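# A closer look at the structure
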Amino acid sequence: MAITAAPPTAPTASSAGSGTTGRQSRRNTLIGISFILPNFLGFALLTLVPVVAAFGLAFMEWDSYNPAEFVGLDNFQKMFGNDTFWIALRNTLYYGIGHVPLTLLCSLGLALVLNRKLRGVRFFRTAAFFPYVTSLVAVAVVWNMLFNPTMGPVNQLLTTLGVANPPGWTSSSDWAMPAVIITSVWRDMGYYMILFLAGLQTIPVEYYEAARVDGANAWQRFWHITLPTLRPTTFLVLILLTVGSFKVFDLIVVMTDGGPGRATLVLSQLIYREGIAQGEFGYASAISLVLFVIVLLVTVLQFRLGERRDR
Amino acid sequence: MNRKALAAIGAAAALSLTLAACGSGSGNAPDDEATESGPVDLSVAVWSMDQTPEFQALFDAFEAEYPDITITPVDILADDYPEKVTTMLAGGDTTDVLTMKTLTDYSRWAGRGQLEDVTDLVTDYPDGKLAGTDGYDQDGKFFAVPYRQDFWVLYYNKALFDAAGLDYPDHVTWDEYADLAQKLTGTDAAGQKVYGTYNHVWRSVTQAIAQAQNDGDLLSGDYGFLTDQYDLNVGLQKDGYALDYSTAKTQQVSYRTMFETQATAMMPMGTWYISGILQAKKDAKSTVEWGIAPMPQVDDGDTTTTFGGPTAFAVNKAAKNKDAAKKFLAFAASLKGAEAISAIGVVPALQSDDVTAAYFALEGMPTDDLSKEAFAPDDVALEMAPSDITADVDVILNEEHDLIMVGEKSVDDGIAAMESRVKQDVLD
């Protein structure tokens, strides 16, 4: 519903001149605010208010119908004493630690390969992007078939390669998470490849020419030119990936539904179960608050590190 | 220009605020009760109507009986039904009639005071006995009226039994059942693998039947009574007499496909599937020659104990047309409602000899005595007693069931984990 208005602050008004009165600048500010108002209103009503309300709910007990009851820190006490929460937290971190670096490497690699002048490069770029626009449910179902322990092509390939006991993938507690991570990397790398490709296009060719004249080899050119100039893009991709992996929900629900047992249960799924399915909205809000704080801390940390490197 | 823009934005903001106010305001104030004299538009929340023909059958019969009431179904995807209705109710939805898909959902909504008291509708029905009302008893009050009552039977493929030269599974024990499963496993003429039996992935296939036949209690935190049934079902898949759980789960195998393509000779399943087979045969999608037998028992004998669950309608407390909604509940539980749904192979909650006779007179129904006997079990236990801990226990039992059946945990370890987790996380 919100109209996304670009918010440049009063481009028409002249900021020059010593005679600029306070009224003039206040007017400019008001106009500026008015530009972002529609967007902000939508954001405030549909996102900010519910988020703040959810934080409040974390300290209450609420079944979504009867009046909420203030219970202080009870929800948090319950959460920290419950091993399902810790398992979900550990699984979320496990997923993130697997998913973020692998997707980053694969998408960067793909972007580097597809940034050259190759025959049919457009076809390969489309092919790499294809998984991202495919319906997630279809992706999960197909990968489940590929990962079938007895009849799936993945294990048939492994057996022909001489692996005696191929993993049970989604039917094994140890291998279910790697299976989900592989699927998610395959699905997401096309999207981040596009971001990296856009970043690669902005690197001036002169840098490479100069380096070549100085006798730098391909690896040196990559290490000293491509990577540093790509840093803003890498940073963006890293943040997006991290936030995305902490919020992972749909892929897990369709592929394993948290199983076997609790082997792939993640936090957002636990929030959904406790809140929407079990009707314990206070407890679910408390878990959301913890998830929010974790994502916030990790993102702030990444920003700090990014800033320090830029200096 | 700037001023105009400001004015426009102000107007837009005001408008969006009003809209938001409308959106949140309509929830808690149900419209004034519609007068029941004129035509009434009754809304009923149901799931996956195209796959659940009983709803349309009931609606048609009801509209014929009450010409001034029109029914507007609110169709919800079956898998999302409980969550969707929870969300609707939280938002102050005014849908008149809500279908109670499971007892767990019922006890949750009734416990929150979201359903209308309909105790007066549960008491007396002149044409027969209304089965399955016990599950809806909340301290002597009822907030829903059952209209169908399903229970578990053993489906079997007559042609495969004949080909193997075996007698039909007439009142068998679990040991005899395992023996039959072994003998029936093989390949058919086309080279397709045929399993002796098929256990669907639900935990009730093992747990609810063990509870019913061993006087267990799935809410108690003591699960020793599950051991034998788990040993049986794990053994069947280990020996290859039943499709293994991992394949069934990861490939999302449909139990209907297993039975209708004759990939299994036996299958324990609920009576709701009868209407499914009738439809598949009618549409010429399957050629299976089928019958039903009583569920296998622990001990030899003619008493049949099985488990099952009722399905009911309830009136939303925020309903717009409460009188018409109550009329619908009473109709669905009455003889006319029972006739309407039994005509398509659904087992009504209202039980009488007439209803059973009409049921077996349906085209395509097996007519042998064994099937009729299977239809009248001596004891139908609840799948799981409704209570405020049912949902939490359910999650734990599901997770550990999963681990036992994929072979991650031994039967004993899995049961020990169920006990310690339920005691620690739920009962304490």
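Residues numbered from 1 in each chain as written. Chains lettered and ligands numbered in written order. Predicted model: local features only at pLDDT ≥ 70, side-chain atom pairs only at ≥ 80, totals over all residues. Heavy atoms only, no water.

Residue and element names in this part refer to chain B. Residues other than glycine seldom take positive phi values, yet Ser48 does so here, at roughly 25 degrees. With a phi close to 60 degrees, Ala284 is a non-glycine residue in the positive phi region. With respect to the helices and strands, Ala284 occurs in the loop between helix 12 (273–282) and strand 11 (290–293). Judged by its relative accessible area of 66%, Ala284 falls in the exposed class. (Helix = DSSP H or I, 4+ residues; strand = E, 2+ residues; numbered from the N terminus. Buried < 20%, exposed > 50% of the residue type's maximum accessible area, 1.4 Å probe, protein only.)

The subject of this paragraph is the domain arrangement of chain A. Examined at the domain level, chain A breaks down into domain 1 (1–57) and domain 2 (76–310). Inter-centroid distance (C-alpha atoms) of domain 1 of chain A to domain 2 of chain A is 35 Å. (Domains from an automatic or database assignment.)

Under the defined criterion, the tally for this structure stands at 48 aromatic pairs over all chains. Look at A:Trp143 and A:Phe147: their rings are 5.4 Å apart centre to centre, the planes differ by 40 degrees, and that puts the pair in the tilted class. Accessibility expressed as a relative area gives 12% for A:Trp143, which makes it buried. Centre to centre, the rings of B:Tyr359 and B:Phe360 are 5.9 Å apart; their planes meet at 75 degrees, and the pair counts as edge-to-face. Accessibility classification places B:Tyr359 together with B:Phe360 in one group, the buried group. (Phe/Tyr/Trp six-rings, centres within 6.5 Å; stacked < 30°, edge-to-face > 60°.)

Residues and elements named next belong to chain B. Per the domain assignment, the segments making up chain B are domain 1 (40–150 + 309–369) and domain 2 (151–307 + 383–427). Between the C-alpha centres of domain 1 and domain 2 there is a distance of 27 Å. Facing 19 residues of domain 1, the contacting portion of domain 2 comprises 15 residues. Both sides together, the interface formed by domain 1 and domain 2 hides about 1,300 Å², and carbon and sulfur atoms give 63% of it. The tally of links from domain 1 across to domain 2 stands at one salt bridge. Notably, a salt bridge pairs Lys158 with Asp368, separated by 3.1 Å at the nearest N-O pair. Run the count over domain 1 and domain 2 and you get three residue pairs in polar contact (both at pLDDT 80 or more). Sorting the residues of the side of domain 1 that touches domain 2 by element identifies helix 4 (103–111) and strand 7 (145–157) as the ones contributing at least two each. (Contact = heavy atoms within 4.5 Å. Buried area = accessible area lost by both parts, 1.4 Å probe. Salt bridge = Lys/Arg side-chain N within 4 Å of Asp/Glu carboxyl O. Polar contact = N/O pair within 3.5 Å; in protein donor to acceptor, adjacent residues only side chain to side chain.)

Scanning all chains against the criterion turns up 18 salt bridges over all chains. Between A:Arg262 and A:Asp83 there is a salt bridge, with its nearest N and O atoms 3.8 Å apart. You can see A:Arg262 sitting in the loop between helix 11 (250–255) and helix 12 (267–277) and its partner A:Asp83 sitting in helix 3 (residues 83–113), a full 179 residues away along the chain. A relative accessible area of 32% places A:Asp83 in the partly exposed class. One salt bridge in this structure joins A:Arg273 and B:Glu399, with 3.0 Å as the shortest N-O distance. With A:Arg273 in helix 12 and B:Glu399 in helix 17 (residues 390–405), the pair connects residues from two separate chains. Shared partners join several salt bridges into a network, and the residues in it are A:Asp83, A:Arg262, A:Arg273, B:Glu399, B:Glu400, B:Lys409 and B:Arg421.

Moving on, we get to the interface of chain A and chain B. Residue-level contacts link 37 residues of chain A with 34 residues of chain B. Taken over both partners, the interface formed by chain A and chain B buries close to 2,900 Å², and the fraction arising from carbon and sulfur atoms is 51%. Linking chain A with chain B are two salt bridges. Across the chain A-chain B interface, the total number found is four residue pairs in polar contact (both at pLDDT 80 or more). Listed by contribution, the elements that provide at least two residues to the side of chain A that touches chain B are helix 1 (22–57), helix 3, helix 5 (136–146) and helix 12 of chain A. Considering each element in turn, the side of chain A that touches chain B owes the most residues, seven residues, to helix 1 of chain A. Its residues placed into classes, the side of chain A that touches chain B shows 15 nonpolar, 16 polar and six charged. (Nonpolar A, V, L, I, M, F, W, Y, C, P; charged D, E, K, R; others polar.)

Another point: a nonpolar patch on the surface. Together, A:Phe292, A:Val293, A:Leu296, A:Leu297 and A:Val300 make up a nonpolar patch on the protein surface, roughly 430 Å² of accessible area in all. Judged by relative accessible area, which is 39%, A:Val300 ranks as partly exposed. (Patch = residues over 30% accessible without salt bridge, like charges linked within 9 Å, V, L, I, M, F, W, Y side chains within 5 Å. Areas by Shrake-Rupley, 256 points an atom, 1.4 Å probe, with all protein chains shown as cover.)

Before going further, it helps to spend a moment on the nonpolar core. All names here are of chain B. In this structure, Tyr155, Tyr223, Leu226, Met266, Ile274 and Trp290 are the most contacted members of the largest nonpolar core, which totals 78 residues. If you count residues domain by domain, this core takes at least three from each of domain 1 (40–150 + 309–369) and domain 2 (151–307 + 383–427). Discounting residues that sit within four places of it in the chain, Trp290 has contacts with Tyr155, Tyr156, Lys158, Phe259, Ile274, Ile277, Leu278, Lys281, Gly364, Met365 and Pro366. Trp47, Val118, Phe143 and Ala144 belong to the second-largest nonpolar core, a separate cluster that totals 55 residues. (Core = buried A, V, L, I, M, F, W, Y, C linked by side-chain atoms within 4.5 Å.)

All names here are of chain B. Residue placement: Arg203 occurs in the loop between strand 9 (193–197) and helix 8 (207–213). With relative accessibility at 8%, the residue Arg203 sits in the buried group. Here the side chain of Arg203 touches Asp394 through a polar contact of 2.8 Å, side chain to side chain. Not counting chain neighbours up to four residues away, the residues in contact with Arg203 comprise Ala208, Leu218, Met384, Asp394, Leu397, Asn398 and His401.

All names here are of chain B. Across the seven residues that make up strand 10 (residues 264–270), a large majority, seven, are buried. Alignment of strand 7 against strand 10, held across five bridges, turns out to be antiparallel. Looking at strand 10, one finds that Val153 is bridged to Met269. With two bridges connecting them, strand 9 and strand 10 associate as parallel partners. Each bridged residue has a counterpart across the sheet, and for Tyr195 the counterpart in strand 10 is Thr264. (Pairing = 2+ DSSP bridges.)

Turning to the packing of helix 12 of chain A against helix 3 (residues 81–90) of chain B, a few remarks are in order. Two elements in contact, helix 12 of chain A and helix 3 of chain B, have axes separated by 10 Å at closest approach and are oriented at 60 degrees. The angle between the axes of helix 12 of chain A and helix 3 of chain B places the two elements in the oblique class. Contacts from A:Tyr272, A:Ile276 and A:Ala277 of helix 12 of chain A reach helix 3 of chain B at B:Glu83, B:Thr86 and B:Thr87. Considered class by class, the residues forming the contact of helix 12 of chain A with helix 3 of chain B number three nonpolar, two polar and one charged. (Axes fitted to C-alpha atoms, helices over the stretch in contact; angles between N-to-C directions. Parallel < 35°, antiparallel > 145°, perpendicular 65-115°, else oblique.)

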